[in-house]
Amino acid sequence: ELDVNEGQNDGVAVIKYMFVEPEHRRRMLGKLALEVISQIHAWQNCRYTVLIADDDGSGKLIQWYESNGFTRAPKLDRVFGCIPENFQDDNSSTTAQLGFAMIAPTRSALLDNYNSSNTNDIYIP
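Predicted model only: the values in this text are computed from it and were never measured.

A. Representation of the environment of H41 in the model. With respect to the helices and strands, H41 occurs in helix α1 (residues 29–43). A relative accessible area of 9% means that H41 is categorised as buried. For the pair H41 and I15, spaced 26 residues apart in sequence, the C-alpha to C-alpha distance is 9.9 Å. If sequence neighbours within four positions are ignored, H41 has contacts with A13, V14, I15, C46, T49 and T106.

B. Spotlight on the environment of L98. Along the chain, L98 turns up in the loop between β3 (71–72) and β4 (100–105). Between the C-alpha atoms of L98 and R78, which are 20 residues apart in sequence, the distance is 9.9 Å.

C. Examining the side chain of N68 more closely. Tracing the backbone through its elements, the reader meets N68 in the loop between α2 (60–67) and β3. Classification of N68 by relative accessible area gives buried; the value is 10%. Engagement of the side chain of N68 in a polar contact is seen with the side chain of S67, the distance being 3.4 Å. Among residues more than four places away in sequence, those in contact with N68 are K31, L34 and R107.

D. Molecular detail of the pattern of salt bridges. For the structure on display, the rule yields one salt bridge. The partner of R72 in a salt bridge is D77, with the nearest N and O atoms 3.2 Å apart. Residue class for R72 comes out partly exposed when judged on its relative accessible area of 33%.

Definitions and cut-offs
- Residues numbered from 1 in each chain as written.
- Predicted model: local features only at pLDDT ≥ 70, side-chain atom pairs only at ≥ 80, totals over all residues.
- Heavy atoms only, no water.
- Helix = DSSP H or I, 4+ residues; strand = E, 2+ residues; numbered from the N terminus.
- Buried < 20%, exposed > 50% of the residue type's maximum accessible area, 1.4 Å probe, protein only.
- Contact = heavy atoms within 4.5 Å.
- Polar contact = N/O pair within 3.5 Å; in protein donor to acceptor, adjacent residues only side chain to side chain.
- Salt bridge = Lys/Arg side-chain N within 4 Å of Asp/Glu carboxyl O.

Encoded structure:
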């Protein structure tokens, strides 16, 4: 029997790569994917989800992730390889930042539904 509440809820999960093909955008697929991933991360006792937003400079992807609960995490940029070793803040380097670390809390609805259910089925709202 799996006890999803065993241990601390202090892990951090990472979305390594997420991409929605342009012809499938604006259909809520990205939002649905983030919700399902967050539910899985919560079920795995992870408190936060981190991802790298590889924005093309327009800012649209950053805004989209922000509208879906993520915030910029600049202290994690170097940790996750977003900032090359030779990157300088004074713009004298020709190497650009390779993305932006973002973080969001995971959703706990799956755990709540799992714990209150009397069946073996897991309901994802």
